[in-house]
Amino acid sequence: PSSEPSDKPSNEASDLPSSEPSDAPSLRPTTLPSTEPTLLPSSAPSSLPAIPDGVPLELQLITDDMGEETSYRLYDVLKKELIWNSTALPSNTHNVRQSLIDPAGCYYFRLHDSFADGLCCEFGKGDFVLLL
């Protein structure tokens, strides 16, 4: 770059930025994004995320060596409706179940071991988590 401006603009781009902004926009778009936010908000609103029909509920269940003894159910008490009903699960598997539920609802969840020896220890290492 020269220390004095020329009478005519060059056809080549400079590798160095100028010390002062130009009076007119460039003919070519820049290749790098701006690092500074704009001062004014955009004129159009951004799109809003979709509102789900409820809140997510997730069951993560790992069965033990006797998965066929394991069952679970989720019941909507207010609607008198069975949401989940599972029996005789495969042994030593990771099972995930998801639903959207009404946050104002009332629910009953039951995890059952038909042999009554539980999900862990002597017959494998089962476990469960219910996430709301």
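Preceding this section is the structure that the text describes.
The following refers to the structure shown. Please read all numbers here as calculations on a predicted model, not as lab measurements. (Residues numbered from 1 in each chain as written. Predicted model: local features only at pLDDT ≥ 70, side-chain atom pairs only at ≥ 80, totals over all residues. Heavy atoms only, no water.)

1. Section: the side chain of serine 71
Working step 1: Relative to the elements of secondary structure, serine 71 occurs in strand 2 (residues 70-76).
Working step 2: A relative accessible area of 17% places serine 71 in the buried class.
Working step 3: With residues near it in sequence (within four places) discarded, serine 71 still touches Ser86, Thr87, Arg110, Leu111 and His112. (Helix = DSSP H or I, 4+ residues; strand = E, 2+ residues; numbered from the N terminus. Buried < 20%, exposed > 50% of the residue type's maximum accessible area, 1.4 Å probe, protein only. Contact = heavy atoms within 4.5 Å.)

2. Observations concerning the sheet that holds strand 6 (residues 127-131)
Working step 1: With antiparallel pairing, the three strands of this open sheet are ordered in space as 4-1-6. Edge positions in the sheet fall to strand 4 (94-101) and strand 6, since each of these pairs with one other strand and no more. With direction set aside, neighbouring strand axes in the sheet form an average angle of 10°.
Working step 2: Sheet topology note: the strand 1 (residues 55-62)/strand 4 ladder contains eight bridges and is antiparallel. Bridged to isoleucine 62 within strand 4 is histidine 94. (Pairing = 2+ DSSP bridges. Axes fitted to C-alpha atoms, helices over the stretch in contact; angles between N-to-C directions.)

3. Regarding the sheet that holds strand 3 (residues 81-86)
Working step 1: The antiparallel open sheet is built from three strands, whose spatial order is 3-2-5. Each having just a single partner strand, strand 3 and strand 5 (107-113) make up the two edges of the open sheet. Strand-to-strand twist of the sheet, defined as the mean angle between neighbouring strand axes without regard to direction, takes the value 10°.
Working step 2: Sheet topology places strand 2 next to strand 5; seven bridges connect them, and they run antiparallel. Counted as the bridge partner of tyrosine 72 is leucine 111 from strand 5.

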